[in-house]
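Structural overview
Next come the chains, spelled out residue by residue.
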Amino acid sequence: MNIAHSIQNNTLKDKMVLTVKMITCPFKMTIHVNLWNVNAIKLKSWENKHDIGQCVACIIVMVQWITIFVYISLSALLPSFYIVVNIKQSKPFNTILYKKLICLLNFLDKMEEIGTAEGLEESTKTILNVLNNSTNSLLICADQYWPSVAIGIEVFNKGMFDLRKRNVKCRFITEVTKENIAFCKELLKIAAVHHLPGLKGNFAVNENEYIASATMKNLQLLSQVVYSNSKAVVEQHNFFFENLWDKSISATEKIDEIEKGIVPEIVAVIKNPLEIKNIYFDVLKSSVTEIMLILTTSTVFLSEENDGLMQSLIEASNRNVKIRIITPSFSNAKNEIDNLSQKNKIEVRRIESPFDAPINILVVDGKYSLIVELKNDTKQKFTEAVGSAIYSTSQPNVISFVTIFDTLWKQTELYEKLKDADNLKEEYIKKLRVADKAKDEFVNIAAHELRTPTQSILTFANLLKYDVNKNESIEAIYRNAKRLNVLIKNILDVTKIESNKLVLHQENFNINDLLTTIIKDYTRQLKKPTYKRRIKLHYTLQSEILEPDALIHADKERIIQVISNLLDNAIKFIEKDGLIRITLKISKGDSPHANGYAEIIIKDSGSGISEEILPHLFSKFSTRSFQGTGLGLYISKNIIESHSGSMGAENNKDGKGATFSFRIPLIKTDLIQNSSGVSI
């Protein structure tokens, strides 16, 4: 349409432009013919001088091409001459020449779109042409095999380093692996390189050209490439490249991770059963030192056996990987369990009763954890039995499940010792049952506590894409992330306490000021319009010394953790409206040489402490509700005792609520009676 319009206008400027276009048409034709798939000519057949038929066929094809070239050249030059002769006239073009010009330019436009180079020689030649034609920039996106081709094959290596000599700005995206890390380091000498895991497909674009290959092999030339200098194709793949570049990470960072053996931290909820299965067995195959496995039901064990679990464990043991398995005692799985426990490096321990929670916990090398939730444990196939899974390489998450496993492992050891004894006493049997029950409750609670905030975070994060008012979603994500963080910290604290590795960062601070600040923070939270219950806090300071704001030497963060835990418990067990009285008593010492102590008393009007829970209230996994893991009071008491203090609890004498208190030593005291109270 533009050509026809220019001809109709018949202006001097339009004629000159058209003249230049037509004069250059033969040269453009020569360039594009070079890029065609000329394999049809088969010039190599000349080497076979005994095949006369092929030689004649080649001569005929060459004559045809020469004829076409001469015809096109004349078709372009004749109207060009016509334009020059009539440059000052207003005569229209000859109709026949006009039609030839339109056909010629349309033909050339089609030639510019796309072509294919077949064979090693033509493919290599086309690739090198693209490299040599790059003057300002070159973008390459290719899979993990490309670095070995670009650097390991001499002809491409020379072309790549020539880009650097010509100051061509290059950027490369590939997948950095252990196998191609040396080649990637060489590529970094040429240009910026990014890593994109699981990258598939291969393409490159410069200012005007696009080239691609569907497949690529390690250190092998390409046998087929697709070429195009279409502007639309080039712009489209420039857009693709920029999007992938934004999603990728620096290759230097990935190389550093591989060389140092660093596992990138991942926390992912997976719902695709096939993906769960692949990750499950990939993690087993990657094991180096130890596998920890909790199988909750015999059906799960048998269904996984059908999908190769038994074989994967045996292969791991053959690699000297230590394997520990915890599973319930079931008669229908007894033979399989016994056969497995007889293998070298595999130790199986049984739990007295099955788990209530249908989950499967796998921890490998202390680096990977996979918690699989079962939606139908009656199915015989893994992909039919599983529902969703949480896969993590985050160290806090993995360590928390290592702690769970070790706790259960010690309990099974205790159980087996008691079972093997000749005369079991009733007291030990009772302790075992309590421990077994606490184990079941903890596994159920831990599974719920981990799943609930994780699902909430995923749900509200997905809603952010559609929610106009994002504040509620962000608040929900923050609240659930905070809840998940508290759970992980509690489990890690238990690990530190059990291993005597709880470290205190002690300093001198004012216990009265600290308590006042905490109470004000809680008061603001309780007064929020979204909080349905009306709970009031009343704070009283009672002092026997001259300076009521006495100093203590303690870990401030740990003391805040204890006070917050006691206040949270008090609030949680007040069903409707209520009152919480907080009292700080600063007392002189019991002897003339003592510095005195600070005692914090928290008295609530809630439901009180269950008589069943009260005897072992400060033990692990003891809880009065389904909200929490029962670790808070155990951790709090150990923190206070590590400060040379003490903690206690009792139900109120009027039958309403409970009172928790703890003492901690002061630095010094000046004796005098002082008392004050305030309602906040």
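It should be emphasised that the depicted structure is a prediction, and the values quoted were computed from it without experimental measurement.

Some words on the overall build of the chain
Summing up its helical and strand segments, the chain has 21 helices and 23 strands in all. Split into buried and exposed, the 680 residues of the chain put 44% on the buried side. Taking as baseline every contact in the chain between residues at least 6 positions apart, the subset at least 24 positions apart corresponds to 75%. In the form shown here, the chain has an accessible surface area of approximately 37300 Å², with 54% of it arising from carbon and sulfur atoms.

Some remarks on the packing of aromatic side chains
Applying the stated rule across the entire model yields five aromatic pairs. Taken together, a centroid distance of 5.6 Å and an interplanar angle of 20° make the contact between Phe405 and Trp409 stacked. With Phe405 and Trp409 both in helix H16 (residues 395-420) and four residues apart, this pair spans about one turn of that helix. The cationic tip of Arg171 hangs over the ring face of Trp245; the distance from NZ or CZ to the ring centre is 5.0 Å. Over the aromatic face of Trp409 sits the side chain of Arg324, whose NZ or CZ is 5.0 Å from the ring centroid.

Topic: the pattern of salt bridges
Note on pairing: side chains with opposite charge can pair once their charged atoms come close. Summed over the entire model, instances satisfying the criterion amount to 13 salt bridges. Taking the shortest distance from any N to any O, the salt bridge between Glu259 and Lys185 comes out at 2.5 Å. Of this pair, Glu259 sits in helix H10 (residues 251-260) while Lys185 sits in helix H8 (residues 181-187), and the two are 74 residues apart along the sequence. Glu259 sits in the partly exposed class, given a relative accessible area of 48%. The residue Glu290 makes a salt bridge to Arg324 at a minimum N-O spacing of 2.8 Å. One end of the pair, Glu290, is in strand S10 (residues 290-295); the other, Arg324, is in strand S11 (residues 322-328), with 34 residues separating them in the sequence. Judged on exposure class, the residue Glu290 and its partner Arg324 are both buried. Taken together, the shared-partner salt bridges connect Glu290, Arg324 and Asp406 into one network.

Quick notes on the sheet that holds S10
Across the sheet, which stays open at both edges, the seven strands sit in the order S9-S15-S14-S13-S10-S11-S12 with mixed pairing between neighbours. Each edge of the sheet is formed by a strand with only one pairing partner; in this case those strands are strand S9 (267-270) and strand S12 (346-351). Here the strands of the sheet are splayed against their neighbours by 10° on average, with no regard to which way each runs. Bridge analysis of S10 against strand S13 (residues 359-364) gives five bridges, and the strand direction is antiparallel. The residue of S13 that forms the bridge with Met292 is Val363. The sheet strands contacting helix H11 (residues 273-285) are S9, S10, S13, strand S14 (368-374) and strand S15 (386-392), and the helix crosses S15 at an angle near 45°. Set on the sheet, helix H13 (residues 309-318) makes contact with S10, S11 and S12; between it and S10 the angle comes to about 155°.

So, H13
Counting buried positions over the ten residues of H13 gives seven, a clear majority of the element. Two residues or fewer after H13 comes Asn320, characterised by a positive phi angle close to 65°.

Topic: the side chain of Arg324
For Arg324, a relative accessible area of 9% translates into the label buried. What Arg324 contacts, discounting residues up to four positions off in sequence, is Glu290, Ile291, Met292, Leu293, Glu347, Phe405, Asp406 and Trp409.

Here we look at the sheet that holds strand S3 (residues 169-174)
Here eight strands make up an open sheet; going across it, the order is S1-S7-S6-S5-S2-S3-S4-S8 and the pairing mixed. Strand pairing shows two members of the sheet lacking a second neighbour, strand S1 (115-118) and strand S8 (249-250), which therefore form its edges. Two strands pair when backbone bridges link them, and strand S2 (residues 137-141) and S3 are joined in this way by five bridges, in the parallel orientation. Note on S3: the bridge partner recorded for Ser137 is Lys169. Across the face of the sheet, helix H5 (residues 120-133) comes into contact with S1, S2, strand S6 (210-213) and strand S7 (224-228) while running at roughly 40° to S7. The strands that helix H9 (residues 231-247) touches are S2, S3, strand S4 (192-195), strand S5 (202-205), S6, S7 and S8; relative to S3, the one it contacts most, it runs at about 65°.

Description of the packing of H5 against helix H7 (residues 154-165)
One way to put it is that H5 packs onto H7 with a least axis distance of 10 Å and a crossing angle of 10°. One finds that H5 runs roughly parallel with respect to H7. Where H5 approaches H7, its residues Thr124, Ile127, Leu128, Leu131 and Asn132 are matched on the opposing element by Val155, Phe156, Gly159, Met160, Asp162 and Leu163. Within the contact of H5 with H7, the residues separate by chemical class into seven nonpolar, three polar and one charged.

What to know about a nonpolar patch on the surface
Together, Leu120, Val155 and Leu221 make up a nonpolar patch on the protein surface, roughly 220 Å² of accessible area in all. In this structure, Leu221 sits in the loop between S6 and S7.

Topic: helix H19 (residues 511-526)
For H19, spanning 16 residues, the distance from its first C-alpha to its last is 23 Å, which sits close to the expected 22 Å at 1.5 Å a residue. Within H19, the full set of buried residues consists of Ile511, Asn512, Leu514, Leu515, Ile518, Ile519, Tyr522, Thr523 and Leu526. A side-chain oxygen of the first residue of H19 lies 2.9 Å from the backbone nitrogen of Asn512; this N-cap is Asn510.

As for the confidence of the model for the chain
In the predicted model, the chain carries a mean pLDDT of 76, and 69% of its residues have values of at least 70. At the level of individual helices and strands, the chain shows its lowest average pLDDT in strand S23 (residues 671-679), which scores 41, and its highest in S2, which scores 96. Segment residues 29-50: pLDDT under 50, and 34 contacts once partners within four positions in sequence are set aside and those in other chains are kept.

Analysis parameters
Residues numbered from 1 in each chain as written. Predicted model: local features only at pLDDT ≥ 70, side-chain atom pairs only at ≥ 80, totals over all residues. Heavy atoms only, no water. Helix = DSSP H or I, 4+ residues; strand = E, 2+ residues; numbered from the N terminus. Buried < 20%, exposed > 50% of the residue type's maximum accessible area, 1.4 Å probe, protein only. Contact = heavy atoms within 4.5 Å. Areas by Shrake-Rupley, 256 points an atom, 1.4 Å probe, with all protein chains shown as cover. Phe/Tyr/Trp six-rings, centres within 6.5 Å; stacked < 30°, edge-to-face > 60°. Lys NZ or Arg CZ within 6 Å of the ring centre and 35° of its normal. Salt bridge = Lys/Arg side-chain N within 4 Å of Asp/Glu carboxyl O. Pairing = 2+ DSSP bridges. Axes fitted to C-alpha atoms, helices over the stretch in contact; angles between N-to-C directions. Parallel < 35°, antiparallel > 145°, perpendicular 65-115°, else oblique. Nonpolar A, V, L, I, M, F, W, Y, C, P; charged D, E, K, R; others polar. Patch = residues over 30% accessible without salt bridge, like charges linked within 9 Å, V, L, I, M, F, W, Y side chains within 5 Å. Expected span 1.5 Å × (residues − 1). Polar contact = N/O pair within 3.5 Å; in protein donor to acceptor, adjacent residues only side chain to side chain. pLDDT = per-residue confidence, 0-100.

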